[in-house]
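# What the coordinates show
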Amino acid sequence: MTTADTDVASVFDDAVRMQQSALEQMAAGDIRDAAEKAWCAAKRATDALLFARTGEEPHRSSETGAGLRELASREPGARSLRARYYERQGTLHGECFYIGLCEPVEETEALIRETADYIEGARLLAGA
C-alpha cells in the first residue's frame, strides 16, 4: 500500500466517522446537526474518490464539486453520484442545516441514512 492509498483510506474513514456521528445526532433528535454531518460525510467521501483518481485531495466544496462534475463528464458511473452529491449539498447542508427547512423530516432522515450508500458508491468508484 502506498502513502497515497493510506491517505485515501483515511479520508474514507473520516467520511464513515462523520456518517456515524450523523446517525447518532439523528437518534438524539438533532436533525439539523445530523444533516450537516451527513453532508460532511458525503463531501469527505467525494474528496477521497477524487484523491484516489487524481492524487490530490480537494479542500473546498467548490473544488470537490468541480472535480466530481469533471469525473461525471467522463464516466457515466459517476453521474448518479454527482446527482446524489448535489442533493445532499442542497437539501442537507443548504436547506436543513443553514435555513432550518428540514421538512418533511422523514425524507431528510432517509437522506441522512442513505449517505452510507453514497460513501460505498464513492469507494467503489475509487477502487478502494
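Residues numbered from 1 in each chain as written. Predicted model: local features only at pLDDT ≥ 70, side-chain atom pairs only at ≥ 80, totals over all residues. Heavy atoms only, no water.

Judged by side-chain charge, Glu-103, Glu-106, Glu-107, Glu-114 and Asp-117 come together as a negatively charged surface patch. Looking at the element boundaries, Asp-117 is found in helix H6 (residues 115-126). (Patch = residues over 30% accessible without salt bridge, like charges linked within 9 Å, V, L, I, M, F, W, Y side chains within 5 Å. Areas by Shrake-Rupley, 256 points an atom, 1.4 Å probe, with all protein chains shown as cover. Salt bridge = Lys/Arg side-chain N within 4 Å of Asp/Glu carboxyl O. Lys, Arg positive; Asp, Glu negative; His and termini not counted. Charge placed at Lys NZ, Arg CZ, Asp CG, Glu CD. Helix = DSSP H or I, 4+ residues; strand = E, 2+ residues; numbered from the N terminus.)

Phe-12, Ala-45, Leu-49, Leu-81, Leu-92, Ile-112 and Tyr-118 are the most contacted members of the largest nonpolar core, which has 34 residues in total. Only helix H1 (3-27), helix H2 (31-54), helix H3 (61-74), helix H4 (79-99), helix H5 (105-113) and H6 provide two or more residues apiece to this core. With 12 residues, H2 is the single largest residue contributor to this core. With near-sequence residues (within four places) excluded, Tyr-118 lies in contact with Ala-42, Ala-45, Thr-46, Leu-68, Leu-81, Arg-84, Tyr-85 and Arg-88. (Core = buried A, V, L, I, M, F, W, Y, C linked by side-chain atoms within 4.5 Å. Buried < 20%, exposed > 50% of the residue type's maximum accessible area, 1.4 Å probe, protein only. Contact = heavy atoms within 4.5 Å.)

Across its 12 residues, H6 extends 16 Å between first and last C-alpha, which sits within 8% of the 16 Å expected from 1.5 Å per residue. Taken together, the buried positions of H6 are occupied by Thr-115, Tyr-118, Ile-119, Gly-121, Ala-122, Arg-123, Leu-125 and Ala-126. Positive phi appears at Gly-127, one or two residues downstream of H6, with a value of about 75 degrees. (Expected span 1.5 Å × (residues − 1).)

Counting through the fold element by element, Glu-36 comes out in helix H2. Comment: no salt bridge for buried Glu-36; closest opposite-charge side chain is Lys-37, at 8.4 Å. Non-local contacts of Glu-36, meaning those with residues more than four positions away in its chain, are made with Leu-92, His-93 and Phe-97.

Looking now at the pattern of salt bridges. All told, the structure shown has 10 salt bridges when counted by the stated rule. Residues Glu-70 and Arg-74 are paired through a salt bridge, measuring 2.1 Å at the closest nitrogen-oxygen approach. With Glu-70 and Arg-74 both in helix H3, this residue pair falls four residues apart, about one helical turn. One continuous salt-bridge network, built from bridges that share partners, spans Asp-14, Arg-17, Lys-43, Arg-44, Asp-47 and Glu-57.

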